Amino acid sequence: MAQTALRLTARENEIEYPEAGTILKRDTYMDDICPSVRTKEEASKIIHDVEKASNEVVLVIFSDASEKAFGACAYARWRLESGSFESRLITAKSRVAPLKKLTVPLLELQAAVMGARLADAVVKESTFKFSNQILMTDSMIVLEWIRRPAQCFKQFVAARVSEIQRKTQIANWRHVPGILNPADDLSRGMRADKLTDRWINGPEFISKPISEWPQEKSDNDTEDTEERRMAFNGNVVVNPGEVDIVECKTWEEMLELYRQRIYGKQSEALNAEKVREIELLLLKRVQKDCFAEEYEVLKNGGKSVAKSSKLVNLDPQFDMESELIQVGGRLKRNDQLEMEVHPVVLDPSHQITQLLIKRIDSNVFNHGAGVEQVFSYIRRRYWILKGRCKIKSILRTCVSCQMWRKSPAVPKMADIPEARTRIGLPPFYSTGMDCWSPMMIKVRISREKRWGGGHL
Ligand SMILES: [Zn+2]
């Protein structure tokens, strides 16, 4: 873009300054001008001409806010033949701060929005073209906001940052120290007769080359309360070779994913043997993800785990055949109840454990059982740490379970008729009739409908 703009400038001024035009076109790359001439006079003439040929008007906007008011002012800045710059106020705009109390950074942001709108309006309404725009604010927080994507922020800031980014180039925003900011006169409020030259001509630094303007100081310590904190909610797959199960909603979906990964997409459907194999892999994965240290220690023949481990109270043991950590105990000589005596240890926070609980709730009990039943069923094979709590929380969020367990809503009955509420009257003083719909009556071998009525 810069190169194209420079070439266009050169072409426009080529007739008036032929040598400068040629240099701009031939010897210029980006911002570097590198002509080569024989004499000193020739060089200084060329520099003068080049500067004149690239003489352009820049729009400079300042914005500022205080607790009382906020505003923005626009200046035009152009280069003089002497090499210095001249600037004049074009327009300014201000507003009193809203009655609803806003923090100073939010008011500064409002001022920046006003600056962006002012720049947009000036560019549209002016008869001549500005070669560039520079927008300045004295708030580092606002500058940081403008330089970040709008979706990082809460609604109020996001809407305004997005408008600023739409109307202006982010790269055109710069920082100006508050003391040098002419828009300060707007935000503090000032009598017209007290206005100084700074208001009419802009601050002193504006008449210097941009490289000599005040530099930005980094201020990363400011705490940003307007930033929308992104909460990451999901499972991190540590091993890239593992199947990604984050999207899985049910145990069956997960089995299917594993089947495709292990046996290939075109393989036969799952049978009991494959399911057993995959379930073993899933249990191993839970233990490797959640008890990595304990798994390594026990697998390598360690007899006990660290005292700080979550498993220390379970006296864990490692089953070499299934390669799983099991609950220990003194019933090792019992061969008949191996699974019940030594259940596999699982962590409640792992997605696989949660899907396992959901599967047992839906497939085994069809959402009809309570926490205790699901818990005791799971305990036959698996020992989930803090299992009762986890099952309770999963069943509480299960819609089907809630539908089964909730008592039906009883409609409110109408008031009893007045005739039935009278006191001290003889029996049968008031009578009423009631009819009922057909009842199915068995008559010999067939069933027939009968209607009836009664009085009370
Ligand atoms: Zn359920």
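Residues numbered from 1 in each chain as written. Predicted model: local features only at pLDDT ≥ 70, side-chain atom pairs only at ≥ 80, totals over all residues.

Once that is clear, we can look at helix H13 (residues 351–364). Its 14 residues place the ends of H13 19 Å apart at the C-alpha level, agreeing with the 20 Å of an ideal helix rising 1.5 Å per residue. Of all the residues in H13, the buried ones are Ile352, Thr353, Leu355, Leu356, Ile357, Lys358, Ile360 and Asp361. Asn366 sits one or two positions beyond H13 and adopts a positive phi of about 50°. (Helix = DSSP H or I, 4+ residues; strand = E, 2+ residues; numbered from the N terminus. Expected span 1.5 Å × (residues − 1). Buried ≥ 20, exposed ≤ 12 C-beta atoms within 10 Å, placed from the backbone.)

What follows deals with the packing of H13 against helix H15 (residues 387–397). Packing of H13 against H15 leaves a shortest axis separation of 10 Å and a crossing angle of 65°. Where H13 crosses over H15, the handedness of that crossing is right-handed. On the side of H13, the interface is formed by Gln354, Ile357, Lys358 and Asp361, while H15 contributes Lys390, Ile391, Ile394 and Leu395. Tallied by class, residues from the contact of H13 with H15 come to four nonpolar, one polar and three charged. (Axes fitted to C-alpha atoms, helices over the stretch in contact; angles between N-to-C directions. Left-handed = near helix turned anticlockwise from the far one by under 90°. Contact = placed C-beta atoms within 7 Å. Nonpolar A, V, L, I, M, F, W, Y, C, P; charged D, E, K, R; others polar.)

For the rest of this paragraph, the subject is the pairing of strand S4 (residues 69–79). Pairing of strand S3 (residues 58–65) with S4, which is carried by eight bridges, proceeds in the antiparallel orientation. Bridging from a neighbouring strand, Ala65 pairs with Phe70 of S4. The hairpin formed by S3 and S4 contains three residues between the paired strands. Relative to strand S5 (residues 85–96), S4 is paired through 11 bridges, and the arrangement is antiparallel. Counted as the bridge partner of Ala72 is Lys93 from S5. Between S4 and S5, which pair antiparallel in sequence order, lie five residues; one of them, Gly83, sits at a positive phi of approximately 105°. (Pairing = 2+ DSSP bridges.)

Our focus in this paragraph is the sheet that holds S4. As a general point, the strands of a sheet are linked pairwise by backbone hydrogen bonds and lie either parallel or antiparallel. Spatially, the five strands line up as an open sheet ordered S5-S4-S3-S6-S7, and their pairing is mixed. The open sheet has two edge strands with one neighbour each: S5 and strand S7 (173–175). Strand-to-strand, the axes of this sheet are offset by a mean angle of 25°, without reference to chain direction. Relative to the sheet, helix H4 (residues 104–125) contacts S3, S4, S5 and strand S6 (132–137), its axis offset from that of S3 by approximately 155°.

Within the largest apolar cluster, 37 residues are counted, with the highest numbers of intra-cluster contacts made by Ile61, Ala72, Ala112, Trp145 and Ile146. By residue number, the principal contributor to this core is H4, which donates 10 residues. Leaving out residues up to four positions away in the same chain, Ile146 has contacts with Ala112, Val161, Ile164, Gln165, Ile170 and Trp173. Core analysis: the next-biggest nonpolar cluster, separate from the first, contains 32 residues, Trp251, Val286, Val305 and Ile391 among them. (Core = buried A, V, L, I, M, F, W, Y, C linked by C-beta atoms within 7 Å.)

Here Glu163 shows up in helix H6 (residues 155–167). Put simply, Glu163 and Ile146 are 17 residues apart on the chain and 9.8 Å apart in space, counted from C-alpha to C-alpha.

As a packed pair, H4 and H6 sit with axes 9 Å apart at the nearest point and diverge in direction by 25°. In terms of orientation, H4 lies roughly parallel with respect to H6. The chirality of how H4 crosses H6 is left-handed. Of H6, the residues touching H4 (which contributes Leu106, Leu109, Ala112, Val113, Ala116, Arg117, Ala119 and Asp120) are Phe156, Val157, Arg160, Glu163, Ile164 and Lys167. Looking at side-chain class alone, the contact of H4 with H6 contains nine nonpolar, no polar and five charged residues. (Parallel < 35°, antiparallel > 145°, perpendicular 65-115°, else oblique.)

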